[in-house]
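A look at the structure
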Amino acid sequence: GSNATTSSSSSSDDVKLALGTAIKIIAKLYMYPIFFIATILLTIHTLLAIGNCTTFEFTKGADHIDYLRGTRVMDFPFGRDGLLKNIIIFFRRDDAYQSLCLRSNANIDCNGSKKPMNNRWVPIVWKVPEVINRESEEWWHHPMENKYWKCC
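The rules behind these values
All residue numbers refer to position in the chain's written sequence, counted from 1. Residues qualify for local features only when their pLDDT is at least 70, as the model is predicted, and side-chain atom pairs are given and counted only at 80 or more; totals for whole chains, interfaces and linings, by contrast, use all residues. Only heavy atoms go into the side-chain values, all of them from the structure, while hydrogens and water stay out. Put simply, DSSP marks the helices as runs of H or I at least four residues long and the strands as runs of E at least two long, and each gets a number from the N terminus on. Exposure is judged per residue with a 1.4 Å probe applied to protein chains only, and the accessible area is read against the type maximum: over 50% gives exposed, under 20% gives buried, and values in between give partly exposed. Throughout, a residue-residue contact means that at least one pair of heavy atoms, one from each residue, lies within 4.5 Å. Residues qualify for a patch when their relative accessible area is over 30% and they have no salt bridge, like charges being joined within 9 Å and the nonpolar side chains of Val, Leu, Ile, Met, Phe, Trp and Tyr within 5 Å. For the accessible areas, the method is Shrake-Rupley and the probe is 1.4 Å, while residue cover comes only from the protein chains on display. Between Lys or Arg on one side and Asp or Glu on the other, a salt bridge is scored when a side-chain nitrogen of the former is within 4 Å of a carboxyl oxygen of the latter. By convention a nonpolar core is built from buried Ala, Val, Leu, Ile, Met, Phe, Trp, Tyr and Cys residues, the set being connected through side-chain atoms within 4.5 Å. You can read pLDDT as the predictor saying how much it trusts each residue, on a scale of 0 to 100.

Secondary structure summary: the protein contains 4 helices and 0 strands in total. The helix and strand sequence of the protein, counted from the amino end, reads α-α-α-α. The buried share among the 152 residues of the protein stands at 20%. By sequence separation, contacts in the protein at least 24 residues apart represent 44% of the contacts at least 6 residues apart.

Below, the discussion takes up a nonpolar patch on the surface. Together, Phe36, Ile37, Ile40, Leu41 and Ile44 make up an exposed nonpolar region whose accessible area comes to about 460 Å². Counting through the fold element by element, isoleucine 37 comes out in helix α1 (residues 2–50).

Before going further, it helps to spend a moment on the nonpolar core. Formed by Leu48, Cys53, Met74, Phe76 and Met144, the largest nonpolar core amounts to 5 residues. Not counting residues within four places of it along the chain, the set of residues in contact with leucine 48 comprises Cys53, Thr54, Thr55, Phe58 and Phe76.

Inspection of every chain in the model, using the stated rule, returns 2 salt bridges. Residue arginine 69 is joined to aspartate 66 by a salt bridge in which the shortest nitrogen-to-oxygen separation is 3.1 Å. Across this residue pair, the class does not change: arginine 69 and aspartate 66 are exposed. A salt bridge links lysine 147 to glutamate 137, with the shortest nitrogen-to-oxygen separation between them at 2.5 Å. Of this pair, lysine 147 sits in the segment after α4 (95–101) while glutamate 137 sits in the segment after α4, placing them 10 residues apart in sequence. By relative accessible area, which is 35% here, lysine 147 ends up partly exposed.

A low pLDDT means the predicted coordinates there should not be read in detail. Looking at the protein, the pLDDT average stands at 76 and 68% of residues meet or exceed 70. When pLDDT is averaged over each element of the protein, α1 comes out on top at 87 and α4 at the bottom at 58.

Given below as structure tokens:
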């Protein structure tokens, strides 16, 4: 009698263990690719934020965008102001940020300047990138290709 009960509970424990192991394997097969893709996206978009570059500019490049003529793949022509300023520009150029900062009763934006009462959208006018001097001593302006090394 007691051997049958022990055998029954032992096989029940084996089934639970096998089911738990199967669930872990399925969860890992599902989550690892998602984690891998999310890590790649985070890395690419961090690189774009640091270089003050859009996905469109990065993927199309100078061959398809007129204002990028004369630049190379990893030049990041708008990323001239340094790492911190590029990241600030990256997060502050969005209208969502501006709408969070706008004080409705005073019509003052995040920079402290008066906004017009009609709240019309105004495009950001970017200056054309300067000529890129890869031979300058300021290698930090072009970390991927400069007079000391070349990457990509």
